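Here are the chains, one letter per residue:
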Amino acid sequence: MVSASQYRTYNRQECITFRKTSEPFGGLSNMAGGYPLLVNGISILTSEALYQACRFPHLPDVQKLIIAQRSPMTAKMKSKPYRNQSRPDWDKVRVNIMRWCLRVKLIQNWERFGKLLLSTQDKPIVEDSPKDNFWGAIPNDSNQLIGVNVLGRLLMELRELLKQSPDFLKSVEPPAISDLLLLDKPIERLSLKEVSIHKHEINKSQTQEQIGLELVEETKLAQVDDQNEEQVKEDQRQNNVIQPYQEQKSINFNHLPEVYDAFYIILPYLEQQLHTEHTIQDLAEIFKVRPVQIKDWLEQGVKLGKIKKLSKPVRYISTSISKNEEMPLLDLLKSE
Ligand SMILES: Nc1c(N[C@@H]2O[C@H](COP(=O)(O)O)[C@@H](O)[C@H]2O)[nH]c(=O)[nH]c1=O
């Protein structure tokens, strides 16, 4: 059950809404074609198919069936008979999985999806749905839409990150969720550079239409994977990557932000890194943003009492290591 406080009322004329993928902002829908994905070297036509496949890490054949569909709606329909076999924690993890799917959609369609997101300026984004007031909001007779609008809120979160910290989005870690498998393999980190290499490789041998239907042959990607692996190792040697997030009870990554300021979006990630002491420079490298940006976020965290500044040399650490508390100012989906 979602608590009543999570529901929002939007005035249609003030919002960017989308219902059909053919509408001007239809590309924001997970059902929209033209935003192909490649995860673990596997081609997936839409974020909807990726999201639905994530229900079934333990049923690779069902994942294959979902991924093989040409239409995102059919992908969703194919998952329906198996819904009661979704991973047992699905309701707890689905928001975070959707957040990750949207990041994958952006990193792999940087120009097209990025442009579309930014063209919504700073208006509320709302999925106009006839019956789903969880992911979207349902219209009423007063030209309003009412719902939790999780998808719209995740898109607004992503838009703010794109505006304020685009570099943060240029690599995508798998979410901190156990058993996140695609066809039996753990989901890998993605980076903008690797994505373009992969796409180049695929385009050489297959049309975009074809890759939607079949799995990319491992051999075609082997050479690229070797290069990527080397690069990842090098990044790790230089401590230059955000390490895969560990599951930690004290941080709820399933939150939805109320305030669409990149600071509040980054804060849980920052706090997680600060379970051990870090300098500004360390954090700038980890998050791939300028040190002044990190300094600004750290100062905000210190003011909120979430981060403690240590001296000689200057280092920072999270104050919530032992308190096991949730973040203030973030609107958490407690019931999720
Ligand atoms: N747009 C749209 C839908 N909504 C989409 O379905 C996804 C959630 O799936 P689930 O959690 O399995 O209910 C999410 O991407 C949401 O935006 N559902 C539809 O049946 N038809 C539609 O036209």
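Residues numbered from 1 in each chain as written. Predicted model: local features only at pLDDT ≥ 70, side-chain atom pairs only at ≥ 80, totals over all residues. Heavy atoms only, no water.

The name that an unreviewed UniProt entry assigns to the chain is NADAR domain-containing protein, with the source organism given as Gloeothece citriformis.

Draft legend 1. Structural context of the overall build of the chain. Looking only at helices and strands, the chain has 12 helices and 15 strands in total. Here the chain holds 336 residues, and the buried ones make up 53% of them. Taking contacts inside the chain between residues at least 6 apart in sequence as the whole, the part at least 24 apart equals 70%. (Helix = DSSP H or I, 4+ residues; strand = E, 2+ residues; numbered from the N terminus. Buried < 20%, exposed > 50% of the residue type's maximum accessible area, 1.4 Å probe, protein only. Contact = heavy atoms within 4.5 Å.)

Draft legend 2. How the structure looks around the site of the ligand. Taken together, the neighbourhood of the ligand is formed by 13 residues, with Asn30, Glu48, Arg55, Arg83 and Glu127 sitting nearest. One of the side-chain nitrogen or oxygen atoms of Lys76 is found 2.8 Å away from a nitrogen atom of the ligand. Those elements that place two or more of their residues in the shell around the ligand are helix H1 (47–53) and helix H3 (72–79). Counting residues per element, the shell around the ligand draws most heavily on H1, at 3 residues. Of the residues in the shell around the ligand, the class split is 6 nonpolar, 2 polar and 5 charged. (Near = heavy atom within 4 Å. Polar contact = N/O pair within 3.5 Å; in protein donor to acceptor, adjacent residues only side chain to side chain. Nonpolar A, V, L, I, M, F, W, Y, C, P; charged D, E, K, R; others polar.)

Draft legend 3. Focus on the domain arrangement of the chain. Each domain of the chain was delimited in the assignment, giving domain 1 (4–236) and domain 2 (256–331). The interface is formed by 18 residues belonging to domain 1 together with 15 residues belonging to domain 2. Connecting domain 1 to domain 2 are 0 salt bridges. At the boundary of domain 1 and domain 2, one finds 1 residue pair in polar contact (both at pLDDT 80 or more). Residue assignment for the side of domain 1 that touches domain 2 shows that the elements contributing at least two residues are helix H4 (90–107) and helix H6 (150–164). Ranked by residues supplied to the side of domain 1 that touches domain 2, first place goes to H6 with 8 residues. Here the residues of the side of domain 1 that touches domain 2 are counted per class, giving 6 nonpolar, 4 polar and 8 charged. (Domains from an automatic or database assignment. Salt bridge = Lys/Arg side-chain N within 4 Å of Asp/Glu carboxyl O.)

Draft legend 4. Looking closely at the packing of aromatic side chains. Applying the stated criterion across every chain, the model contains 7 aromatic pairs. Centroid distance Tyr51 to Trp90: 5.1 Å. Interplanar angle 55°. Geometry classified as tilted. Here Tyr51 is found in helix H1, whereas its partner Trp90 is found in helix H4, with 39 residues between them in sequence. Taken as a pair, Tyr51 and Trp90 share a single burial class, namely buried. Taken together, the ring pairs in this structure connect Tyr51, Trp90, Phe134 and Trp135 into an aromatic cluster. For the cation-ring pair, Arg94 lies above Phe134, with the distance from its terminal atom to the ring centre recorded as 4.0 Å. Residue placement shows Lys105 over the ring face of Tyr35; its charged tip is 4.7 Å from the ring centre. (Phe/Tyr/Trp six-rings, centres within 6.5 Å; stacked < 30°, edge-to-face > 60°. Lys NZ or Arg CZ within 6 Å of the ring centre and 35° of its normal.)

Draft legend 5. Highlighting the UniProt feature "domain: NADAR" (unreviewed entry) in the chain. Following the UniProt record, one finds the feature "domain: NADAR" (unreviewed entry) at residues 18–162. Between the end C-alpha atoms of residues 18–162 there is a gap of 20 Å, over a span that is 43% helix and 11% strand. (UniProt positions renumbered as here; feature names shortened; annotations may be inferred.)

Draft legend 6. Looking closely at the confidence of the model for the chain. The predicted model of the chain averages 81 in pLDDT, with 76% of residues at 70 or higher. Note that pLDDT drops below 50 for residues 200–251; the model gives that stretch 83 contacts with residues more than four away or on any other chain. Scored below 50 in pLDDT, residues 322–336 shows 54 contacts in the model against residues more than four places distant or in partner chains. Here the predicted complex carries an ipTM of 0.89, next to a pTM of 0.73. (pLDDT = per-residue confidence, 0-100.)

Draft legend 7. Summary view of the environment of Tyr10. Within the secondary structure, Tyr10 is located in strand E1 (residues 8–11). When the C-alpha atoms of Tyr10 and Ile138 are compared, they prove to be 9.8 Å apart, with 128 residues separating the residues in sequence. With sequence-adjacent residues up to four places away left out, Tyr10 is seen in contact with Cys15, Pro124, Val126, Ala137, Asn143, Gln144, Leu145, Gly147, Val148, Asn149, Arg153 and Met156. A polar contact is formed between the side chain of Tyr10 and the side chain of Asn149, at a distance of 3.1 Å.

Draft legend 8. Spotlight on the packing of H4 against H6. For the pair H4 and H6, the least separation of the axes is 10 Å and the interaxial angle reads 45°. If you check the angle between H4 and H6, you find them oblique. The chirality of how H4 crosses H6 is right-handed. Touching Val95, Met98, Arg99, Leu102, Arg103 and Leu106 of H4 are Val150, Leu151, Leu154, Leu155, Glu157, Leu158, Leu161 and Leu162, all from H6. (Axes fitted to C-alpha atoms, helices over the stretch in contact; angles between N-to-C directions. Parallel < 35°, antiparallel > 145°, perpendicular 65-115°, else oblique. Left-handed = near helix turned anticlockwise from the far one by under 90°.)

Draft legend 9. Looking closely at the pattern of salt bridges. Counted by the stated rule, this structure contains 13 salt bridges. Measuring nitrogen to oxygen at the nearest pair gives 3.8 Å for the salt bridge that ties Lys306 to Glu271. One end of the pair, Lys306, is in the loop between helix H12 (291–304) and strand E13 (307–310); the other, Glu271, is in helix H10 (residues 262–273), and 35 residues separate them in sequence. Grouping residues by exposure puts Lys306 and Glu271 together as buried.

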